[in-house]
Amino acid sequence: MTHTCLLRICFFLLLCWNVFTVNAQHGDYPIHPVLFTSVKLADNFWAPRIKTNHDVTIPFTLAKCRETGRIKNFEIAAGLKSGSFCTEYTFDDTDLYKIIEGACYSFQIFKDPALEKQVDSLIDLIGKAQEPDGYIYTNRTIMGEHAHEWAGTKRWEKEEELSHELYNIGHLIESAIAHYHATGKKNFLNIAIKAADRVCADFGPDKLHIYPGHQIIELALAKLYQVTGDKKYLDTGKFFLDVRGPGGDEYNQAHLRVTDQHEAVGHAVRATYMYAGMADIAALTHDPSYIKAIDDIWNDVVSHKLYITGGIGSTGNGEAFGAAYELPNMSAYNETCASIANVYWNYRLFLMHGDAKYYDVLERTLYNAFLSGVALTGDKFFYPNPLESHGQHERSAWFSCACCPGNVARFVPSVGGYFYAQKEKSLYVNLFAAGSAQFEIPGNRVTLEQKTNYPWEGDILINVTPEKAGEFDVRVRIPGWAVNKPIPSDLYTFEDNFREQPKVYLNDKPVDMTLQQGYIVLNRKWKKGDRIHIQLPLPIRRIQANAKVADDKDKLAIQRGPLVYCAEWPDQPDDRVLNLMLAPAAPLQGQFKTDLLKGIYTIAGEGQSVVRISPADLKTVNTPVTLIPYYAWAHRGAGEMTVWIPEKPGAAQPLPAPTIASTSKISASHTTRTLMAMNDQLEPKNSNDHSIVFYHWWPLKDTVQWVQYDFAKPTAITSSKVYWFDDGPFGGCRIPAGWRLLYKDGDSWKPVKNTAAYEVKKDAYSTISFDRITTSTLRLEVILPKEHSAGIMEWSVD
């Protein structure tokens, strides 16, 4: 063993003692994490993803930070280069902080001196960019009085709105603590302490009464308190919660005092970071009012606002929670960052209450909503994660607002830390994957080793190896989906009541299936060679949503184990899936395919394709249906996808009947992936109907734009109608200032001779009749409003 390794072990033991001493004096969660550094994953599901994150995601995102100017911002702020602020948003500093945090987690798993050296150089740069009094915010340091409009003219002036100064410092603190834990070096921690001291000096009961516009500093200060033992950090974190509301915006949860909030509202990431921070500070201060509030909010989310994938935040308008049961599929936002925050929050509620129901939500989110957010290759990402697509969605390598890639980079290497937990002599097994974990209990050390091919198979063998025989209990979570409860509410239920129950064996002898808070509890005097055998049945299950979820009416979702499935275009004979239907009793079969999407279990059966034969009539045609895990979609090109599959023809989106419009080729002055919206024959409910796809010219405005149909053959026409898109006061599109139709006559464009004035209606078709013409090409010319863009939901020709 090298001298460096001995030093790191000694440091880690000292750190654990310091944290234990702080926690013993001031409180902590009743249940304690087993850190990912004590867990070795050796499976075929998570271990390769963690390796891909190390080999691809972290270097890729660091390169993007350099390529896009995020690192240059620090160089300019440090006086090493000249220039103006290089990027678009005031919070872009946090992308670098998050990736450094992920790198620190990762080089505790993989020895990587080159990455450590790169991180050290970036930390040195961050330190040089920090102002002498601890303030760190590259936009203001570079731009001074001409800082971004979100930042205001002086420090903290617009913190409650959009400056993100405290948000930046929160991520800085989290990153610095990760580096301290990983290396034992205090250079980055000292930068964070200096920044936190600036915050504590400026905010407090007798100082500035300002709450963070974007939460995260609350939980970061709680972590800093646990590392340093300095109570001012805990007090300031609690102050930021207590000074929030009432009278502010729901958007950032400032409409009420935090202890008076009992429903999830507003921006989903801000909300769940705040709920996680409330849990941390409640655990450290024993404040029951915080616990009551976040318990109520959790019940609201799980009962009314959670997607079947575990995603949260149903609307892109504010990246926010919607109303109860407002869970649209195509326009579902489900930000990747919100899924990560949802894991943080549910994990903390488990540590507080010890109930497996929180892990039922956590596991669903982890395997579905979160995993969808990052490509199998580790270098492309989703920002929103919809449950339905017409082909307009693809993962991107980066975003101007790049919060999600950095969050993925820091979250993936920490996944092992969610598998196990400990409360004194109770050892919790919460998630399943081949590998092992080390536990320290009074007077003994215990190793738990899992052997399993989860999530593809439900057979789990756990070898229990204490250093010496001793009494303790092992608590193994039995997932809710394995006992006919997909989530801990009536928001979703299985259509059938599967009778086969999980089986548990201890040293090959069956154990009675009595659960305590969702766990099978095995208490005995354990010895080397003892083993627990869990058999979780993995039938293919049909799920139905609560009848109040209008978007899922007469539809079903398919789940096997923790994985939710979807239908995607490459697996269907005609490359279409939104027209599919599955009868309630249609048999479904599964098969593992090693050569598809890095190895997945597919589900196949006989379904029907719904076809429109006239405006009022539908017919069904038998067709094979193949499903893949939701997380694996969008790896084979853009096209249709859906999670919720109709059980009745009326719930499907039928293949369009052949009409002049549906058989035309579409082109436009502004080409996007949603041009197909104009002739898909899906009737809008109103001009702001996000349940179907629409075309828009955003961000163009105050210009003349056009869309065009090239007919299959020269055709005689006499009328046309168009349904305009208008997303209301919070959106960027309005009905147009005007429009007209032109037709191609030889090489010339001529206006049609309309028999009445052009009308421009909202929430209804705008119809125009004109003298009969015969043409092969029709163009719709649109005058965009001066201050807004416009869009089209449907355009038909007769």
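Since this is a predicted model, take the numbers as computed values, not measurements.

J.: Hey, could you run me through the pairing of strand β28 (residues 738-745) in this one?
T.: Here is the key point about a regular strand: its side chains alternate between the two faces of the sheet. As defined by bridge partners, β28 adjoins strand β30 (residues 765-783) across 6 bridges and the pair is classed as antiparallel. In the strand pairing of β30, Trp739 is matched with Val782. The pairing of β28 with strand β29 (residues 748-751) spans 4 bridges and is antiparallel. Among the inter-strand pairings, Leu742 is bridged to a residue of β29, identified as Pro751. Here β28 folds back onto β29 in antiparallel fashion, the turn holding 2 residues, of which Gly746 has a positive phi close to 65°.

J.: Before we go on, may I ask you to explain the packing of helix α8 (residues 187-202) against helix α9 (residues 217-228) in this structure?
T.: For any two helices packed against each other, one specifies the crossing angle of their axes together with the interaxial distance. Where α8 contacts α9, the two axes come as close as 12 Å, and the packing angle between them is 120°. What the angle tells us is that α8 and α9 run oblique. You can see that α8 and α9 cross each other, and the crossing is left-handed. Along its contact with α8, which presents Leu189, Ile193, Ala196 and Val199, the element α9 presents Ile217, Leu221, Leu224, Val227 and Thr228. In the contact of α8 with α9, the residues fall into 8 nonpolar, 1 polar and no charged.

J.: Mind showing me how you'd approach the pattern of salt bridges here?
T.: Pairing between side chains of opposite charge can happen when their charged atoms approach one another. For the structure shown, the criterion picks out 40 salt bridges. The residue Glu165 makes a salt bridge to Arg140 at a minimum N-O spacing of 3.2 Å. Here Glu165 is found in helix α7 (residues 165-183), whereas its partner Arg140 is found in helix α6 (residues 138-143), with 25 residues between them in sequence. Across the pair, Arg140 and Glu165 agree in class, each one buried. For the salt bridge of Arg636 with Glu568, the shortest nitrogen-to-oxygen distance reads 2.9 Å. Highlighted residues: Arg636 in the loop between β22 (617-629) and β23 (640-642) and Glu568 in strand β18 (residues 563-568), separated in sequence by 68 residues. For Glu568, a relative accessible area of 1% translates into the label buried. Each member of the salt-bridge network shares a partner with another, and the members are Glu131, Asp133, Arg155, Arg198 and Asp202.

J.: How should I be thinking about the sheet that holds strand β4 (residues 420-423) in this particular structure?
T.: Where strands meet in a sheet, backbone hydrogen bonds hold them as pairs that are either parallel or antiparallel. Across the sheet, 6 strands lie side by side as β1-β4-β5-β9-β14-β13; this open sheet has mixed pairing. In the strand order of this sheet, the two ends are held by β1 (32-33) and β13 (515-516), each with one partner. Across 2 bridges, the pairing between β13 and strand β14 (residues 519-526) is antiparallel. The residue of β14 that forms the bridge with Leu515 is Ile520.

J.: Which parts of the structure should I look at to understand the side chain of Asp571?
T.: If you trace the backbone, Asp571 turns up in the loop between β18 and β19 (580-581). Reaching out from Asp571, the side chain makes a polar contact with the side chain of Arg636 at a distance of 2.8 Å.

J.: Mind showing me how you'd approach unusual backbone geometry here?
T.: Comment: phi is negative for the bulk of residues other than glycine, and the bulk of peptide bonds are trans. Put simply, Gly245 and Pro246 share a cis peptide bond, and its omega is -5°. Mapped onto the elements, Pro246 comes out in the loop between α10 (231-242) and α11 (268-285). Here the bond from Tyr454 into Pro455 is cis, since omega is 10°, no more than 30 degrees from zero. Tracing the chain through its elements places Pro455 in the loop between β7 (444-452) and β8 (459-466). One non-glycine residue, Gln517, adopts positive backbone phi at about 55°. Secondary-structure assignment places Gln517 in the loop between β13 and β14. Looking at Gln517, the relative accessible area reads 43%, which means it is partly exposed.

Reading the values: rules and limits
- Residues numbered from 1 in each chain as written.
- Predicted model: local features only at pLDDT ≥ 70, side-chain atom pairs only at ≥ 80, totals over all residues.
- Heavy atoms only, no water.
- Pairing = 2+ DSSP bridges.
- Helix = DSSP H or I, 4+ residues; strand = E, 2+ residues; numbered from the N terminus.
- Axes fitted to C-alpha atoms, helices over the stretch in contact; angles between N-to-C directions.
- Parallel < 35°, antiparallel > 145°, perpendicular 65-115°, else oblique.
- Left-handed = near helix turned anticlockwise from the far one by under 90°.
- Contact = heavy atoms within 4.5 Å.
- Nonpolar A, V, L, I, M, F, W, Y, C, P; charged D, E, K, R; others polar.
- Salt bridge = Lys/Arg side-chain N within 4 Å of Asp/Glu carboxyl O.
- Buried < 20%, exposed > 50% of the residue type's maximum accessible area, 1.4 Å probe, protein only.
- Polar contact = N/O pair within 3.5 Å; in protein donor to acceptor, adjacent residues only side chain to side chain.

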